[in-house]
Protein chains: 2
Amino acid sequence: MKKRLTPQREAILKLIGNSDQHWDAEGIAHVLAKMGCSIGQATVYRGLAALEKEGLIRGIQLVDGKKRYERAGKQHHDHFVCTACGSITEFSHPAEAQIFEHLSRETGAVIHGHEFVVFGFCASCREAS
Amino acid sequence: MKKRLTPQREAILKLIGNSDQHWDAEGIAHVLAKMGCSIGQATVYRGLAALEKEGLIRGIQLVDGKKRYERAGKQHHDHFVCTACGSITEFSHPAEAQIFEHLSRETGAVIHGHEFVVFGFCASCREAS
DNA sequence: CATAGTATTGAGAATGATTATCATTCTCAT
DNA sequence: ATGAGAATGATAATCATTCTCAATACTATG
Ligand SMILES: [Mn+2]
Ligand SMILES: [Mn+2]
Ligand SMILES: [Zn+2]
Ligand SMILES: [Zn+2]
């Protein structure tokens, strides 16, 4: 049999797919519980892993221990994390492609993915400091 | 009082400072134990944190859950991790500076640091597959 | 030199995120 | 209906890391 899109996975997918947030497992469980359809935490983790494997959501690691998920389909981007307020800003720059190209040419490696996280103070937190 | 460079911290520093590896706490404890001077695990973690705060070693996060440390003083670089053999390759590219410049100019953020990890198959693992 | 006041240590408990177990329930194609 | 393979939920278990706390080790003064 194949992977199934169960009601709980649908709930997770709908939540992530209809927002631009970067969700962690706990946040998802929390919101779903508040919405009435609470799911066992193990099921949340398994559901997230399954949905990611299917390419329906995208998982990222923001150096804070917990894995986050965002909806799939957005164009490639990296993340800036404000260490003061925790806000996450997406960004991208064409030069990144050159870096990958150079890296694989120099080393002969095949690149499968990457994680580029920049941190500091966002504009408003910079002023407030 | 000030931070002290105790014998156990010196041992950790010497280990990291004299190699080009990317050590995790467990690896350090293991090697030091094998060398006769075993240290409590809490002390290893505290020592690493202290040495990092003093700028004597540099901590990095390679998306695998455990924090790694390398000797300070090496020029800036990022890391390529082979997901097949686990080898870590260092690289750098001048275009990265442009990305930061662009990001801070566009968003008004102050950048304090970053973590750029690329993963895939290294040259030898690519052939072997 | 005695001594108060910090820093550090080590053993072990505790934490937080995630995964593994396992018995039960669900689904789908015969 | 039925049996094999998925999925669920409650709970135990992992893993890296941090916390607690009693015992030491240093340091700066008096
Ligand atoms: Mn994003
Ligand atoms: Mn390095
Ligand atoms: Zn901020
Ligand atoms: Zn390799």
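Structure shown above.
Here is a short report on the structure shown in this document. None of the values given here were measured: they were computed from a predicted structure.

### Structural notes on the relation of the copies chain A and chain B
So, point 1. The operation relating chain A to chain B is a screw motion whose rotation component is 180°, with 0.0 Å of axial translation and a residual RMSD of 0.1 Å. Look at the turn and shift together and you get a two-fold axis relating the two. Taking the C-alpha atom as reference, chain A places Phe116(A) closest to the rotation axis, 2.2 Å from it.
So, point 2. In this assembly, 100% of the residues forming the interface of chain A have copies in chain B that are likewise at the interface, indicating an isologous arrangement.

### Here we look at the protein's contact with DNA strand D
So, point 1. In the neighbourhood of DNA strand D, 21 residues make up the surrounding shell, with Thr6(A), Gln8(A), Arg9(A), Arg46(A) and Lys67(B) lying closest.
So, point 2. When atoms of DNA strand D within 4 Å of the protein are split into backbone and base, the sugar-phosphate part holds 64%.
So, point 3. Interatomic distance of 2.5 Å between a side-chain N/O atom of Arg46(A) and a base nitrogen of DNA strand D.
So, point 4. Measuring from a phosphate oxygen of DNA strand D, one finds a side-chain N or O atom of Lys66(B) at 2.8 Å.
So, point 5. When contributions to the surface near DNA strand D are tallied by element, the ones reaching two or more residues are helix H1 (7-17) and helix H3 (41-53) of chain A together with helix H3 (41-53) of chain B.
So, point 6. Broken down by element, the surface near DNA strand D gets its largest block of residues, four residues, from H3(B).
So, point 7. A per-class count over the surface near DNA strand D returns six nonpolar, six polar and nine charged.

### Brief notes about the protein's contact with DNA strand C
So, point 1. In the neighbourhood of DNA strand C, 21 residues make up the surrounding shell, with Lys67(A), Thr6(B), Gln8(B), Thr43(B) and Arg46(B) lying closest.
So, point 2. Within 4 Å of the protein, atoms of DNA strand C come from sugar and phosphate in 66% of cases.
So, point 3. A distance of 2.6 Å separates a phosphate oxygen of DNA strand C from a polar backbone atom of Lys67(A).
So, point 4. Here a phosphate oxygen of DNA strand C and a side-chain polar atom of Thr43(B) are 2.7 Å apart.

### Observations concerning the nonpolar core
So, point 1. Of all hydrophobic cores here, the largest spans 24 residues; its most connected members are Phe80(A) and Phe80(B).
So, point 2. Elements supplying a minimum of two residues to this core: strand E4 (78-82), helix H4 (95-107) and strand E6 (110-121) of chain A together with strand E4 (78-82), helix H4 (95-107) and strand E6 (110-121) of chain B.
So, point 3. Among the nonpolar cores identified, the runner-up in size contains 15 residues, and Leu15(A), Ala25(A), Ile28(A) and Leu51(A) belong to it.

### Overview of the sheet that holds E4(A)
So, point 1. Pairing is mixed across the open sheet formed by six strands, whose spatial order is E5(A)-E4(A)-E6(A)-E6(B)-E4(B)-E5(B). Strands with a single pairing partner mark the edges of an open sheet, and in this sheet they are strand E5 (88-91) of chain A together with strand E5 (88-91) of chain B. Adjacent strand axes in the sheet meet at a mean angle of 25°, parallel and antiparallel pairs treated alike.
So, point 2. With eleven bridges joining them, E6(A) and E6(B) adopt antiparallel strand pairing. Residue His114(A) lies in a different strand from E6(B), and its bridge partner there is Val118(B).
So, point 3. Sheet strands in contact with H4(A) are E4 and E6 of chain A together with E4, E5 and E6 of chain B, and its direction is about 135° off that of E6(A).
So, point 4. Seen against the sheet, H4(B) touches E4, E5 and E6 of chain A together with E4 and E6 of chain B and runs at an angle of roughly 135° to E6(B).

### Side note on the coordination of the zinc ion (ligand 4)
Residues and elements named next belong to chain B.
So, point 1. Within the protein, the zinc ion (ligand 4) binds to Cys82 (SG), Cys85 (SG), Cys122 (SG) and Cys125 (SG); these donor distances fall in the range 2.2 to 2.4 Å.
So, point 2. Around the zinc ion (ligand 4) sit four donor atoms, and with donor-metal-donor angles ranging over 104 to 116° the site reads as tetrahedral.
So, point 3. If you list the donors of the zinc ion (ligand 4) from N- to C-terminus, the spacing comes out as C-x2-C-x36-C-x2-C.

### Regarding the coordination of the manganese ion (ligand 2)
Residues and elements named next belong to chain B.
So, point 1. Bound to the manganese ion (ligand 2) are the protein donor atoms His22 (NE2), Glu70 (OE), His77 (NE2), His79 (NE2) and Glu90 (OE), situated 2.1 to 2.3 Å from the metal.
So, point 2. Sequence positions of the donors to the manganese ion (ligand 2) reduce to the motif H-x47-E-x6-H-x1-H-x10-E. Residue Glu70 is located in strand E3 (residues 67-71), and its partner Glu90 is located in strand E5; the two are separated by 20 residues in the primary sequence.
So, point 3. A relative accessible area of 0% places Glu70 in the buried class.
So, point 4. In this structure Glu90 comes out as partly exposed when scored by relative accessible area, which is 30%.

Rules used throughout
- Residue numbering note: each chain is counted from 1, following its sequence as written.
- In the order they appear in the text, chains get letters beginning with A and ligands get numbers beginning with 1.
- pLDDT decides what is reported in this predicted model: residues at 70 or higher carry local features, side-chain atom pairs at 80 or more are listed and counted, and totals for whole chains, interfaces and linings draw on all residues regardless.
- The side-chain numbers reported here are obtained from all heavy atoms of the structure, hydrogens and water having been left aside.
- In superposing the copies, a least-squares fit is computed on C-alpha atoms, taking residues whose pLDDT is at least 70 in both.
- By definition, residues are in contact when any of their heavy atoms lie within 4.5 Å.
- Only a single heavy atom is needed: when it lies within 4 Å of a molecule or strand, its residue is near that molecule or strand.
- Under this definition, polar contacts are N or O atom pairs within 3.5 Å; protein pairs additionally need one hydrogen-donor-capable and one acceptor-capable atom, and for neighbouring residues in sequence, both atoms have to be side-chain atoms.
- Comment: elements are numbered from the N terminus, with helices defined as DSSP H or I runs of at least four residues and strands as E runs of at least two.
- Each residue gets one label: Ala, Val, Leu, Ile, Met, Phe, Trp, Tyr, Cys and Pro are nonpolar, Asp, Glu, Lys and Arg are charged, and the others, such as Gly, are polar.
- Among buried residues, those of type Ala, Val, Leu, Ile, Met, Phe, Trp, Tyr and Cys that are joined through side-chain atoms within 4.5 Å constitute a nonpolar core.
- Three labels apply to residues, based on accessible area from a 1.4 Å probe with only protein chains included: buried if under 20% of the type maximum, exposed if over 50%, partly exposed otherwise in between.
- A pair of strands counts as paired when DSSP detects no fewer than two bridges linking them.
- Working convention: axes come from line fits to C-alpha atoms, limited for helices to the stretch in contact. Angles between N-to-C directions cover 0 to 180 degrees.
- Metal donors were taken as nitrogen, oxygen and sulfur atoms no farther than 2.8 Å from the ion, or 3.2 Å where the ion is Na, K or Ca. Water is excluded, so coordination may look unfinished.
- Here a site with four donors is tetrahedral if all angles are between 85 and 135 degrees, and a site with four or six donors is square planar or octahedral if opposite donors are over 155 degrees apart and the other angles are between 65 and 115; anything else gets the irregular label.

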